[in-house]
Amino acid sequence: DAKTTQPNSMESNEEEPVHLPCNHSTISGTDYIHWYRQLPSQGPEYVIHGLTSNVNNRMASLAIAEDRKSSTLILHRATLRDAAVYYCILDNYGQNFVFGPGTRLSVLP
Amino acid sequence: DAGVIQSPRHEVTEMGQEVTLRCKPISGHDYLFWYRQTMMRGLELLIYFNNNVPIDDSGMPEDRFSAKMPNASFSTLKIQPSEPRDSAVYFCASSFASTGETQYFGPGTRLLVL
């Protein structure tokens, strides 16, 4: 399985943008890049995903490097409710998600 | 839609007892997944089904674990006999059948084996 590397933890101030990096140097041409997050005591929830182009939705933006070996999840204005563990996952042929340890994001008021 | 439904939400049992966890996927989803989450090992995929057929059970830890999907709206994960090291949060998720599709997770079942 293709692997991803993320920082263990990050901190942000409330109302400021947050850039969460992910390295995936062994990504294959057909791997989608997914981001999920897990709030305390809840199941993971979908944030965003993309293949080659940058993507935006109401929750976040996903910036994908031109060589696809890295990506960045962007939360435009962090709120206290965004404090969670964020997982970057490569989707290889559909459904075999491999969750790494993720990045624990703390948001300071 | 109510989302993925799991029951029970919490289960406390004694070592050696049989434990059955239940999951109702989102209607119309073709894939169903069982995950386990512990502090030590994080979130692990145990098994997944496509159209009620088990596709990959390589994550099932040992023969004490079994999973079934008798129909498109119901799945069970059974542990028999249970051991203290099985204590974890077990998540069920479902998705449409396509690469790149979103997995929707249930709230999880928190299992404690004494």
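Basis of the calculations
Residues numbered from 1 in each chain as written. Chains lettered and ligands numbered in written order. Predicted model: local features only at pLDDT ≥ 70, side-chain atom pairs only at ≥ 80, totals over all residues. Heavy atoms only, no water. Salt bridge = Lys/Arg side-chain N within 4 Å of Asp/Glu carboxyl O. Helix = DSSP H or I, 4+ residues; strand = E, 2+ residues; numbered from the N terminus. Buried < 20%, exposed > 50% of the residue type's maximum accessible area, 1.4 Å probe, protein only. Contact = heavy atoms within 4.5 Å. Buried area = accessible area lost by both parts, 1.4 Å probe. Nonpolar A, V, L, I, M, F, W, Y, C, P; charged D, E, K, R; others polar. Phe/Tyr/Trp six-rings, centres within 6.5 Å; stacked < 30°, edge-to-face > 60°. Pairing = 2+ DSSP bridges. Axes fitted to C-alpha atoms, helices over the stretch in contact; angles between N-to-C directions.

Which residues make up the pattern of salt bridges, and what are the values?
The final tally for this structure, using the stated rule, is eleven salt bridges over all chains. In this structure, Arg37(A) engages Asp82(A) in a salt bridge whose closest nitrogen and oxygen atoms are separated by 2.8 Å. Of the two residues, Arg37(A) is situated in strand β3 (residues 32-38) and Asp82(A) in the loop between β7 (70-75) and β8 (84-91); the sequence distance between them amounts to 45 residues. Here Arg64(B) makes a salt bridge to Glu62(B), at a shortest N to O gap of 2.8 Å. Exposure remark for Arg64(B): the relative accessible area of 10% places this residue in the buried category. Looking at Glu62(B), the relative accessible area reads 27%, which means it is partly exposed. A single salt-bridge network, built from bridges that share partners, covers Glu62(B), Arg64(B), Glu83(B), Arg85(B) and Asp86(B).

So what's going on with the interface of chain A and chain B? Residues and values would help.
Across the boundary between the two partners, chain A contributes 17 residues, which contact 20 residues of chain B. Across the chain A/chain B interface, buried area totals approximately 1500 Å², and carbon plus sulfur atoms make up 51% of it. Our count for the contact surface shared by chain A and chain B stands at zero salt bridges. For the side of chain A that touches chain B, the secondary structure elements donating two or more residues are β3, β4 (45-50) and β8 of chain A. If you tally residues by element for the side of chain A that touches chain B, the top one is β3(A), at four residues. Residues of the side of chain A that touches chain B, tallied by class, amount to eight nonpolar, eight polar and one charged.

Break down the packing of aromatic side chains for me, with residues and values.
The final tally for this structure, using the stated rule, is 14 aromatic pairs over all chains. Taken together, the ring pairs connect Tyr36(A), Tyr46(A), Tyr87(A), Phe97(A), Phe99(A), Tyr31(B), Phe33(B), Tyr35(B), Tyr48(B), Phe91(B) and Phe105(B) into an aromatic cluster.

Tell me about the sheet that holds strand β8 (residues 74-79) of chain B, residues and numbers included.
The strands making up a sheet associate through hydrogen bonds between their backbones, and the pairing can be parallel or antiparallel. Residues and elements named next belong to chain B. Pairing within the open sheet is antiparallel, and its four strands lie in the order β1-β3-β8-β7. Here the strands that pair on one side only, and so sit at the sheet edges, are β1 (5-7) and β7 (65-71). Pairwise comparison of adjacent strand axes, ignoring direction, gives a mean angle of 15° for this sheet. Relative to β8, strand β3 (residues 19-24) runs antiparallel, the two being bridged by five bridges. For Thr20, the partnering residue across the bridge sits in β8 and is Lys78.

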